[in-house]
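Structure assessment
One-letter residues, chain by chain:
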Amino acid sequence: MPPRASNSGPLEAHASEKRSVIEVAGRHIEIAQLGGLVAGWPTIVFLHEGLGSVSLWRDFPQRVVEETGYAALIYSRYGYGQSDVIEAKRSADYMHREALDVLPELLGKLEIRNPLLFGHSDGASIALIYAGAGHSVRGLILEAPHVFVEDISVQGATKAAQQFRDTDLPKRLSRHHRDADKTFWTWHDIWTSEAFRDWNIEASLSAINCPLLAIQGEQDEYGTLRQIDAIVSQVGGPRRKLVLPNCGHTPHREHPASILEATTSFIESVLQ
């Protein structure tokens, strides 16, 4: 699809990226701003997966910005990317703390109001908690979201641990995180802990009334389609569901053209 920046928003077709560090909740957080934040124009905020970071999104956010013409913000949460290295184990409420404490402060400092949130995996769960707490959002794009823990979620984390021990996964993750070992094991340890088995955010869903697009691969190794079925059956606003065959936990990398098209179409319908 050709860039739509000239008629859909205030940006040029090829948006520039600006990376910096900002202090949020007493920690240094890596951020990337795509296209420049323009007062009064909606901003797309990308929330990464459980082992993600700014750089692990690769060029997908840039392509979304170029297609839609809207600015975007990406950031690496505490313990990820080039943000401060995590010093302690995560607690079972770590996604709630991110959604209710960190994200509001970050958006406030950058004067981003009423964003459109694109969340992947843990990032999608954070987006749901944020919206369900009454924060104003223009829309939600949820890729491989989690609203409760399934056996397949724990099994997926356990298999990932074996890969971390036996393959070059540590080397690959070290390209994207200051301390790949701490990033991996703090994620793994909370997802496989007994304390986390009862984690459930379905209580947040009924308060969500904004437009919503839920995306999941049929072969997602960390969750079944029960996740997005629970979301679309319990939220109150307009919602769409996109299920991709031959697709695992990262649709925007496994089927980039399909996800870019679905994302662009949804954003244009919401932010027109």
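Residues numbered from 1 in each chain as written. Predicted model: local features only at pLDDT ≥ 70, side-chain atom pairs only at ≥ 80, totals over all residues. Heavy atoms only, no water.

Another point: the packing of helix 3 (residues 94-109) against helix 4 (residues 122-132). Taken N-terminus to C-terminus, the directions of helix 3 and helix 4 make an angle of 70 degrees; their axes are 9 Å apart at the nearest point. The angle between the axes of helix 3 and helix 4 places the two elements in the roughly perpendicular class. Residue-level inspection shows Y94, M95, H96, E98, A99, L100, L103, P104 and L107 of helix 3 in contact with helix 4, the latter providing D122, S125, I126, I129 and Y130. Looking at the contact of helix 3 with helix 4 residue by residue, the classes come out as ten nonpolar, two polar and two charged. (Axes fitted to C-alpha atoms, helices over the stretch in contact; angles between N-to-C directions. Helix = DSSP H or I, 4+ residues; strand = E, 2+ residues; numbered from the N terminus. Parallel < 35°, antiparallel > 145°, perpendicular 65-115°, else oblique. Contact = heavy atoms within 4.5 Å. Nonpolar A, V, L, I, M, F, W, Y, C, P; charged D, E, K, R; others polar.)

Okay, the packing of aromatic side chains next. Two descriptors summarise a pair of aromatic rings, namely the distance from one centre to the other and the angle between the planes of the rings. Summed over all chains, the structure comprises 14 aromatic pairs. Between F184 and W185, the ring centres sit 4.9 Å apart and the planes meet at 90 degrees, which makes this aromatic pair edge-to-face. A single burial state applies to F184 and to W185, both of which are buried. Pairing W191 with F196 gives two aromatic rings, centres 4.8 Å apart and planes at 70 degrees, and the pair type is edge-to-face. The same class applies to W191 as to F196, namely buried. Grouped by ring-pair contacts, the aromatic residues F164, F184, W185, W187 and Y222 constitute a single cluster. The ring of Y78 carries the charged tip of R27 above its face, separated from the ring centre by 3.9 Å. (Phe/Tyr/Trp six-rings, centres within 6.5 Å; stacked < 30°, edge-to-face > 60°. Buried < 20%, exposed > 50% of the residue type's maximum accessible area, 1.4 Å probe, protein only. Lys NZ or Arg CZ within 6 Å of the ring centre and 35° of its normal.)

A few words on the pairing of strand 7 (residues 212-217). Taking burial as the measure, the six residues of strand 7 include six buried ones, the bulk of the element. Residues of strand 7 alternate between two faces, with L212, A214 and Q216 on one and L213, I215 and G217 on the opposite face, all of them buried. Viewed along the sheet, the connection from strand 7 through helix 8 (residues 226-234) into strand 8 (residues 239-244) turns out right-handed. (Right-handed = clockwise from strand over helix to strand, strands pointing away.)

Turning to the pattern of salt bridges, a few remarks are in order. Within this structure, the stated rule accounts for twelve salt bridges. Measuring nitrogen to oxygen at the nearest pair gives 3.5 Å for the salt bridge that ties R253 to E49. With a gap of 204 residues between them, R253 in helix 9 (residues 251-254) and E49 in the loop between strand 3 (43-47) and helix 2 (60-68) connect regions that are remote in the sequence. The class of E49 is buried, set by a relative accessible area of 14%. D101 serves as the salt-bridge partner of R97, at 2.7 Å between the closest nitrogen and oxygen. A residue pair is termed a helical-turn pair when its members lie 3 or 4 positions apart in one helix, as R97 and D101 do in helix 3 at four residues. Relative accessible area serves as the criterion here: at 34%, R97 is assigned to the partly exposed category. (Salt bridge = Lys/Arg side-chain N within 4 Å of Asp/Glu carboxyl O.)

We now examine the pairing of strand 8. Across six bridges, strand 7 lies against strand 8 in parallel orientation. Of the residues in strand 8, the one forming a bridge with I215 is L242. (Pairing = 2+ DSSP bridges.)

With that out of the way, let us pick up unusual backbone geometry. Phi at N114 is positive, roughly 55 degrees, even though this residue is not glycine. Relative accessible area serves as the criterion here: at 28%, N114 is assigned to the partly exposed category.

With respect to the helices and strands, R77 occurs in the loop between strand 4 (71-76) and helix 3. In the structure, R77 is positioned 30 residues away from L47 in sequence and 8.5 Å away in space, judged by C-alpha atoms. In contact with R77, not counting residues within four places along its chain, are I29, L47, H48, E49, G50, S83, E98, D122, G123 and I126. Looking at R77, its side chain comes within polar contact range of the main-chain oxygen of H48, at 2.8 Å. (Polar contact = N/O pair within 3.5 Å; in protein donor to acceptor, adjacent residues only side chain to side chain.)

Contact geometry for helix 2 and helix 10 (residues 256-270): axes closest at 10 Å, N-to-C directions at 45 degrees. With respect to helix 10, the axis of helix 2 lies oblique. Where helix 2 crosses over helix 10, the two elements pack in a sense that is right-handed. Facing F60, R63, V64, E67 and T68 of helix 2, the residues of helix 10 in contact are P256, I259, L260, T263, T264, I267 and E268. A class-by-class count of the residues in the contact of helix 2 with helix 10 yields six nonpolar, three polar and three charged. (Left-handed = near helix turned anticlockwise from the far one by under 90°.)

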